[in-house]
Amino acid sequence: MPYDIPPLDLENELDVHRRWMQRAMKLAEAAGDAGDVPVGAVVVGPGDVVLTEVGNRREQDQDPTAHAEVLALRAAARQLGNWHLNDCTLYVTLEPCPMCAGAIILSRLGLLVYGTPDPKAGAVRSVLNLPDGPASNHRLAVVGGVLAEPCRQQLQGWFRRRRQQRRSPSTP
């Protein structure tokens, strides 16, 4: 007798990813309002529980490593009392850079879901593919392109406004 295997509900899974990505986008917006590049990250643990949520803080903290992903991984590990994040999902609005991709791999993250690809510094699929490279000691599951267009527009809008502010003469 064959086993009854329920069909995969990919649309439901995408809805879940979209919901968390929207939350990450709100964090990105707050980071942008605070003067940082608008990137937001949410770590969801077992049972669909938010372990941490954060936006970029490089400018606020004057810390070159204060990318949303790194801050989120650190906080999630503290929350769990374990740096192995095997049962966790990281949602981030922009494809991680090499530093963040390395931290994600080292954390043994269960799943990475990112919004828009980064054609300049993306280290998961666009420019580099660190998770699948020979130096990676962890095979990372990745879902890219979730709400890619709104995430891209958020970043591009922020950079456009920033350039306009720099061109505008300041008023006394």
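Attention in this report is confined to the structure presented alongside it. (Residues numbered from 1 in each chain as written. Predicted model: local features only at pLDDT ≥ 70, side-chain atom pairs only at ≥ 80, totals over all residues. Heavy atoms only, no water.)

Considerations on the side chain of Asn56
This is how the line gets drawn: Going along the chain from the N terminus, every DSSP run of H or I of four or more residues is numbered as a helix, and every run of E of two or more is numbered as a strand. Polar contact is defined as a pair of N or O atoms within 3.5 Å, subject to the rule that within protein one atom must be able to donate a hydrogen and the other to accept it, and that residues adjacent in sequence are counted only when both atoms are side-chain atoms. Residue contacts are defined here by distance: any two heavy atoms, one from each residue, within 4.5 Å place the two residues in contact.
Counting through the fold element by element, Asn56 comes out in the loop between β2 (49–55) and α2 (58–61). In terms of polar contacts, Asn56 uses its side chain to reach the backbone carbonyl oxygen of Val37, at 3.1 Å. A polar contact is formed between the side chain of Asn56 and the backbone nitrogen of Ala68, at a distance of 2.7 Å. Not counting residues within four places of it along the chain, the set of residues in contact with Asn56 comprises Ala31, Asp36, Val37, Val39, Ala66, His67 and Ala68.

Let's talk about a nonpolar patch on the surface
To keep it simple, the criterion reads: Each patch groups residues whose relative accessible area exceeds 30% and which form no salt bridge, using 9 Å between like charges and 5 Å between nonpolar side chains of Val, Leu, Ile, Met, Phe, Trp and Tyr. Only the protein chains shown count as cover for residues, and the accessible areas themselves come from Shrake-Rupley with a 1.4 Å probe. A side-chain nitrogen of Lys or Arg and a carboxyl oxygen of Asp or Glu constitute a salt bridge if their distance falls within 4 Å.
Where nonpolar side chains cluster on the molecular surface, the patch consists of Val127, Leu128 and Leu130 and spans about 220 Å² of accessible area. Among the secondary structure elements, Val127 is positioned in the loop between β4 (111–116) and β5 (141–143).

Re the pattern of salt bridges
Just so we agree on the cut-off: Think of it in three bands: with a 1.4 Å probe and only protein chains considered, a residue is buried below 20% of the maximum accessible area for its type, exposed above 50%, and partly exposed in between.
With the rule as written, the count across this model stands at six salt bridges. Arg19 serves as the salt-bridge partner of Asp48, at 3.2 Å between the closest nitrogen and oxygen. Taken as a pair, Asp48 in the loop between β1 (40–45) and β2 and Arg19 in helix α1 (residues 10–33) lie far apart in primary sequence, 29 residues in all. The class for Arg19 is partly exposed, based on a relative accessible area of 40%. Among the salt bridges present, the one from Asp132 reaches Arg125, with a minimum N-O distance of 3.4 Å. Looking at Asp132, the relative accessible area reads 41%, which means it is partly exposed.

A look at the sheet that holds β2
Stated precisely, the cut-off is as follows: Only strands that DSSP links by at least two bridges are regarded as paired with each other. Fitting a line to C-alpha atoms yields each axis, with helices limited to the stretch in contact; the angle taken between N-to-C directions then spans 0 to 180 degrees.
With respect to topology, five strands assemble into an open sheet ordered β2-β1-β3-β4-β5, the strand pairing being mixed. Each end of this open sheet is capped by a strand with a single partner; those strands are β2 and β5. When the angles between neighbouring strand axes are averaged without regard to direction, this sheet yields 15°. As paired elements, β4 and β5 share three bridges and run parallel to each other. Pairing of Leu111 across the sheet is with Ala141, part of β5. This element, helix α3 (residues 68–80), spans β1, β2 and β3 (89–94) of the sheet and lies at about 145° to β2. Against the sheet, helix α5 (residues 148–167) engages β3 and β4, with an angle of about 60° to β4.

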